[in-house]
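Commentary on secondary and tertiary structure
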Amino acid sequence: MNDSPHYDVAIIGAGMSGLAAGIRLAHFGKKVGIFERHNAVGGLNGFYSFAGRKFDVGLHAMTNFVRSGVKGTPLTKLLRQLRIERDEFALCEQKQSRITFGSRAEISLRFTNDFAVFESEVARAFPRQVDGFRQLVAVIKGYDDVALTAQPESARTVVRRFLSDAVLEDMLFCPVMYYGSATAHDMDFGQFVIMFKALLLEGFARPFDGVRVILRVLQEKYRQAGGERRMKCGVRRIVIREGRAGVLVLDTGEEITADHIISSIGSPETHALIDAGLPKATTASNALIPEPGGHSFIETITVFDRQPAAFGWGDDTIVFFNDSARFEYACPTNAVDTRSGVICIPNNFDFGPGRNLPEGVVRVTCLARPAPWFAFNDSDYAAAKAHWFSVVQQCTRPFLPPADQAAIKAAVLTTDMFTPRTIAKFTGHFNGAIYGAPVKIRDGRTAWSNLYLCGTDQGFLGIVGAMLSGISMANYHILQKK
């Protein structure tokens, strides 16, 4: 007699996409179980506690923001399908952001949640390119970026049909790659379109209390819908039987069965669970494990005893910077590449009159090479973090308004830094690759008929994209099946 727990759908991972898939399925009466190895939900977009404070991980901003009343957008779609009222996320818009290039920040393009601002900036800085830019935008607006059967195409090749200025080309690629590309130098045009729409045609917003607000809403919706969730209980192994994922072996040794399995942990990571631990000759599948992403990121976090506006840093929400002649997005040769990066100042969202975060926060993200961070022993790891923290702070100075360095130093309350090693430890992503595998699987299918992917490696990007990925895979593979 088989007395293993059985589910209509088992979901591996309690990140944004896994939670969204679970909510959608539970709304339609499915018996759903989410299995998460760690003690907190959110995955790549979670939070942690350190020195008595809570720090967001991943969330610089919630992309795809549109104001109330705008229909037919990713944000309005996910709110409808997850039965979330807009006010529950309590989103506050960015003030303004910038893309800034040059060793002394000679060229800047400002943007807000009104795309006309960015278009006018392109016209000002690149007057000979603006007609081609407008034609490119028309193509982007007309592109079906959610089609699950879209064929890959080089984004650089498409963009060059409309633009001839290499600097403008790089300035367009810098934010979309930093916020969503698993590939070096170039990206699929469909991925480029997703991110261009999310960042520039739509925009940035953030709840006052950060990612915790979004996660609380998702958890409550899942609970209300009747879904089950088991924390600190990951999946150790997926057993394949007759071409199907027949059994999940949990970290506890317990076995469960399910009619369908949705994995949100990544394609290489999921494939590595297939009959994990068995000798190769007896492994039930000879499917190749997809290549994990090659590059990762570090991020420094500095907390101040005053608002960043006190240093003259009160205008910019997010700054994408590059100090070199060309923008190079690839796995660095060194442990960190400080030539480009992202500065995020969470205080600089429009929280309303007289409403400010209690402390100042500045986060800086740069590309990182994973291998050294995993090879360091503990003392060398700590030394490397201290070294690169200092170097990263120096590299950002040309891209922020000048400020008294002694005053900045005196105002620091605490600092922290995460690395590829941190990312791998708390998310399970191979190489600490935040954006997953370079090859995305748009329809979420695997070699096994009842095992599907959602999240980063399915290919919908950003926080809103992650939730839509979970919704789409639940709809496509389970709810729409007859």
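Note: the structure precedes this text.
Residues numbered from 1 in each chain as written. Predicted model: local features only at pLDDT ≥ 70, side-chain atom pairs only at ≥ 80, totals over all residues. Heavy atoms only, no water.

**Considerations on empty space enclosed by the protein**
- A full pass over the atoms with the stated rule returns one cavity of 30 Å³ or more.
- When its volume is computed, the largest cavity comes out at roughly 110 Å³.
- Forming the boundary of the largest cavity are Asn64, Pro74, Asp145, Val146, Ile194, Lys197, Glu202, Phe460, Leu461, Gly465 and Leu468.
- Counting only elements with at least two residues in the lining of the largest cavity, the list comes to α8 (189-202) and α15 (462-479).
- Considering each element in turn, the lining of the largest cavity owes the most residues, three residues, to α8.
- Looking at the lining of the largest cavity residue by residue, the classes come out as six nonpolar, two polar and three charged. (1 Å grid on protein atoms, 1.4 Å probe; cavity = no way out; pocket = protein on both sides within 12 Å on 5 of 7 lines; lining within 4 Å. Points joined across faces, edges and corners; volume = space filled by probe spheres on them. Helix = DSSP H or I, 4+ residues; strand = E, 2+ residues; numbered from the N terminus. Nonpolar A, V, L, I, M, F, W, Y, C, P; charged D, E, K, R; others polar.)

**Regarding the side chain of serine 263**
- Residue position: serine 263 is located in strand β12 (residues 255-263).
- In this structure the side chain of serine 263 is engaged in a polar contact, spanning 3.5 Å, whose partner is the backbone nitrogen of isoleucine 265.
- Within polar-contact distance, the side chain of serine 263 engages the side chain of threonine 270 at 2.5 Å.
- Residue contacts for serine 263: discarding those within four places in its chain leaves Ile12, Thr270, Tyr452, Leu453 and Cys454. (Polar contact = N/O pair within 3.5 Å; in protein donor to acceptor, adjacent residues only side chain to side chain. Contact = heavy atoms within 4.5 Å.)

**Concerning the packing of helix α4 (residues 115-125) against helix α5 (residues 130-142)**
- Between α4 and α5, the least distance of the axes is 9 Å, while the angle of their chain directions is 145°. Seen from above, α4 lies across α5 with right-handed handedness. Contacts from Phe115, Phe118, Glu119, Val122 and Ala123 in α4 reach Val130, Phe133, Arg134 and Val137 in α5.
- Of the residues in the contact of α4 with α5, the class split is seven nonpolar, no polar and two charged. (Axes fitted to C-alpha atoms, helices over the stretch in contact; angles between N-to-C directions. Left-handed = near helix turned anticlockwise from the far one by under 90°.)

**Describing the pattern of salt bridges**
- Summed over all chains, the structure comprises 24 salt bridges.
- Its salt-bridge partner being glutamate 88, residue lysine 221 comes within 3.2 Å of it at the nearest N-O pair. Here lysine 221, found in helix α9 (residues 211-224), pairs with glutamate 88, found in helix α3 (residues 86-89); they are 133 residues apart in sequence, far enough to count as distant.
- Under the relative-accessibility criterion, lysine 221 is labelled buried at 13%. (Salt bridge = Lys/Arg side-chain N within 4 Å of Asp/Glu carboxyl O. Buried < 20%, exposed > 50% of the residue type's maximum accessible area, 1.4 Å probe, protein only.)

**With respect to α15**
- Here α15 is 18 residues long and its end C-alpha atoms lie 24 Å apart, about the 26 Å a rise of 1.5 Å per residue gives.
- Among the 18 residues in α15, 15 count as buried, and that is most of the element. (Expected span 1.5 Å × (residues − 1).)

It is worth stressing that arrangement in space is one thing and function is another; only the former is reported here.
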